[in-house]
Protein chains: 6
Amino acid sequence: MRQLVSALLRTETAQAHCDLPCGVYDPAQARIEAESVKAIIAKYDASSDEVFRQRAVLIKEQRAELVKHHLWVLWTDYFKPPHLEQHPDLHTLFWEATKLAGAGGAKGSMDAAVAQQLLDKVEQISDIFWATKKA
Amino acid sequence: MRQLVSALLRTETAQAHCDLPCGVYDPAQARIEAESVKAIIAKYDASSDEVFRQRAVLIKEQRAELVKHHLWVLWTDYFKPPHLEQHPDLHTLFWEATKLAGAGGAKGSMDAAVAQQLLDKVEQISDIFWATKKA
Amino acid sequence: MRQLVSALLRTETAQAHCDLPCGVYDPAQARIEAESVKAIIAKYDASSDEVFRQRAVLIKEQRAELVKHHLWVLWTDYFKPPHLEQHPDLHTLFWEATKLAGAGGAKGSMDAAVAQQLLDKVEQISDIFWATKKA
Amino acid sequence: MRQLVSALLRTETAQAHCDLPCGVYDPAQARIEAESVKAIIAKYDASSDEVFRQRAVLIKEQRAELVKHHLWVLWTDYFKPPHLEQHPDLHTLFWEATKLAGAGGAKGSMDAAVAQQLLDKVEQISDIFWATKKA
Amino acid sequence: MRQLVSALLRTETAQAHCDLPCGVYDPAQARIEAESVKAIIAKYDASSDEVFRQRAVLIKEQRAELVKHHLWVLWTDYFKPPHLEQHPDLHTLFWEATKLAGAGGAKGSMDAAVAQQLLDKVEQISDIFWATKKA
Amino acid sequence: MRQLVSALLRTETAQAHCDLPCGVYDPAQARIEAESVKAIIAKYDASSDEVFRQRAVLIKEQRAELVKHHLWVLWTDYFKPPHLEQHPDLHTLFWEATKLAGAGGAKGSMDAAVAQQLLDKVEQISDIFWATKKA
């Protein structure tokens, strides 16, 4: 069924993201990295291997940085003034989401709840994004 | 409806991709970049601005490199020997797909048909990927 | 005199910027890249060498990307809710500045006036930044 | 004598590696990083300094990633279908080598034997590479 | 007063740094990263949180690498033979400074005194740099 | 015969290059990139395809940057004061070599002779490097 859905949504799931701009943006990029952050914390918690846990710390740092980057790109490059009018909390949402990915959030914490909050915030942004694509 | 589908599929759309490994892989990463390559070529064709076209050339180079990277990660990190048994053409498929993203394909060409071939090949890999997730 | 000023201001010019966070931020990072963008455009205009001009296009792309990155870091990592209360236009300012560095601004243009607008916007942000450091 | 050998082999040791393609490939790039991985593990074992050992973990992660990258480039960009006919195990070899550099191998382990296995596998690929250059 | 100084010095504080070259160089880039290295060590010393300290180790590694990079760029790209005649210790200074940022210095140490030595060396280079700008 | 030579020299061809330091350095890293620069220029000259030539310009820029990086690493990380005593022109050699890779050399030129000069300079450094390994 995933393929069917994928086939149905194909044209609309292709969004622009480079700054040519090519016009292809997709919040899945941020979400995948946020899922990774969450999964890394789970694996860190489940392991007692010192080296593995150190690797988890450093890889989480990189993945959280990618969450920030993909969100920043969406905020600056995809969203336009008319979107802001319809979604006045857009700036706040991105500010909170990128802060949640940073030192005060997923980078600085090994708390699974923090990773989940980040994921939820990314999902909120994703919902707004897809709403603008339909408008 | 996209949100509904997204909600339904959420747990299964989260796959691992970093090399901890966190266990989150998603062919969407390669596909988004391949869509970008295709969109860049369309914008290049539609423009007569010299500087814009040069920017298109250099940005397409980066995006095609990312297609290769994301595919390589899937091939080496996600797929395991049992998958190969079920999909004996796996190596060939990835070899052809990454070559299609490179100098003999999307990097070296401004042909929209080549970008489409790359996208189709990524889709083939994506179908196999999702089939293994259900097995 | 520059050394004197530099000596006098040393402790206060050191601000944090990595996401440990180390606490060292400095808008000079964004400003230096924005100056570079402006200088590249001037050199592009002054040259009739085809290869040099192509190099200018690609290097400007990288420098403008760095302007965006350094601004995003300031926005997300340095500025806190109390700053926003005192400077309610903070989000707008950063949104406009990063957009000015992107496709609709310095990346997508060879116009010296656009580079100057970017520089001015970075200076506005810099002024707010330094005001918050004194508060 | 190294200089003599180097002088004799100079034209043939220059292989292409960027994806223009410039036509310069050299498995030495992967081998140097694999030697580094092995040396890092030896230094890690010989040290009881906590910070040094943490640095070893993170630097090994980067070097192992470079092994993977250089191998992927050789596999996709250098090797062509006729090479595969002569070396039917080419795909398997690269798959195993890149897996040996990853989480299930040199990235995920502090075992010197694993690093040596990676080095041996890179050497096998190197031998095939040089054999194709002579054919 | 910072803004006033900044306004007065604006044209002269803009130096070139990319290798077009755009002609904009500024030792502040190296100094900011060196300040960060110093601040990271202070935060490391003040914390007893295991994960925070591991993050400090890895982030310091990156910042120290950036110090090296910015110094190398100044040495190779900005300084010219006439500068060397006036400052015959230029090579020694850069060699020592970049070594101080590396394994035998700030990368390999958690000693605040080493970070300060690096900062002092960067300041020495900065003084020479600004002296050449006035000549 | 290459394999034989390679087997004979194996232990001595492994030099350190990361800044742990792992102790593995090899001037081949710089030489391979310099060979690439030279090959790119040859391909640029042989082509009349506009897009191909633009790609050559941008890829040469990256490869020349890598030459600089690998040389800087050797200069700062591998060479020590005793080497300088034996090779008093070390600083000059590296300064000239990295300048030859930059804007005033291989980056800023499409002249095959410049690429050859860079390669020769890298070879000179390589000879000194290997001489120090035997001492």
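Worth saying up front: this structure is predicted, and the values here are computed from it rather than measured. (Residues numbered from 1 in each chain as written. Chains lettered and ligands numbered in written order. Predicted model: local features only at pLDDT ≥ 70, side-chain atom pairs only at ≥ 80, totals over all residues. Heavy atoms only, no water.)

Asker: Describe the packing of aromatic side chains, with residues and values.
Answerer: In the structure shown here, the tally under the stated rule is 42 aromatic pairs over all chains. With 5.5 Å between their ring centres and 20° between their planes, Trp72(E) and Trp72(F) make a pair best called stacked. Taken as a pair, Trp72(E) in helix α3 (residues 50-78) and Trp72(F) in helix α3 (residues 50-78) lie in two separate chains rather than in one. Look at Trp72(E) and you get buried, because its relative accessible area is 1%. Counting every residue linked through ring pairs, the aromatic cluster contains Tyr25(A), Tyr78(A), Phe79(A), Phe94(A), Phe129(A) and Trp130(A). Against the face of Tyr44(F) rests Arg53(F), its NZ or CZ located 4.0 Å from the ring centre. (Phe/Tyr/Trp six-rings, centres within 6.5 Å; stacked < 30°, edge-to-face > 60°. Helix = DSSP H or I, 4+ residues; strand = E, 2+ residues; numbered from the N terminus. Buried < 20%, exposed > 50% of the residue type's maximum accessible area, 1.4 Å probe, protein only. Lys NZ or Arg CZ within 6 Å of the ring centre and 35° of its normal.)

Asker: So what's going on with the side chain of Arg55(C)? Residues and values would help.
Answerer: Counting through the fold element by element, Arg55(C) comes out in helix α3 (residues 50-78). Among the residues examined, Arg55(C) registers a relative accessible area of 1% and is labelled buried. Once you skip the residues sitting within four places of it in the chain, Arg55(C) turns out to touch Asp19(E), Leu20(E), Val57(F), Glu61(F), Ala103(F), Lys107(F) and Gly108(F). (Contact = heavy atoms within 4.5 Å.)

Asker: With reference to specific residues and values, describe the interface of chain E and chain A.
Answerer: Listed per partner, the contact involves 6 residues of chain E and 11 residues of chain A. For the chain E and chain A pair, buried surface summed over both sides reaches about 610 Å², with 61% attributable to carbon and sulfur atoms. When residues of chain E are sorted by the area they lose upon contact with chain A, Val51(E), Gln54(E) and Arg55(E) head the list and together hold 73% of the total. The interface formed by chain E and chain A contains 1 salt bridge. Note that Glu61(A) and Arg55(E) form a salt bridge whose closest N and O atoms lie 2.7 Å from each other. On the surface where chain E and chain A come into contact, there are 2 residue pairs in polar contact (both at pLDDT 80 or more). The residue inventory of the side of chain E that touches chain A, partitioned by class, reads 3 nonpolar, 1 polar and 2 charged. (Buried area = accessible area lost by both parts, 1.4 Å probe. Salt bridge = Lys/Arg side-chain N within 4 Å of Asp/Glu carboxyl O. Polar contact = N/O pair within 3.5 Å; in protein donor to acceptor, adjacent residues only side chain to side chain. Nonpolar A, V, L, I, M, F, W, Y, C, P; charged D, E, K, R; others polar.)

Asker: Give me the packing of helix α3 (residues 50-78) of chain D against helix α5 (residues 90-101) of chain D: which residues, what numbers.
Answerer: Residue and element names in this part refer to chain D. The N-to-C vectors of α3 and α5 enclose an angle of 165°; their axes lie 8 Å apart at closest approach. Taken together, the axis directions place α3 and α5 in an arrangement best described as roughly antiparallel. Of the two possible hands of crossing, α3 and α5 adopt the one that is left-handed. Side by side, α3 and α5 meet where Ala64, Val67, Lys68, Leu71, Trp72, Leu74 and Trp75 of the first sit next to His91, Phe94, Ala97, Thr98 and Ala101 of the second. Split into classes, the residues belonging to the contact of α3 with α5 amount to 9 nonpolar, 2 polar and 1 charged. (Axes fitted to C-alpha atoms, helices over the stretch in contact; angles between N-to-C directions. Parallel < 35°, antiparallel > 145°, perpendicular 65-115°, else oblique. Left-handed = near helix turned anticlockwise from the far one by under 90°.)

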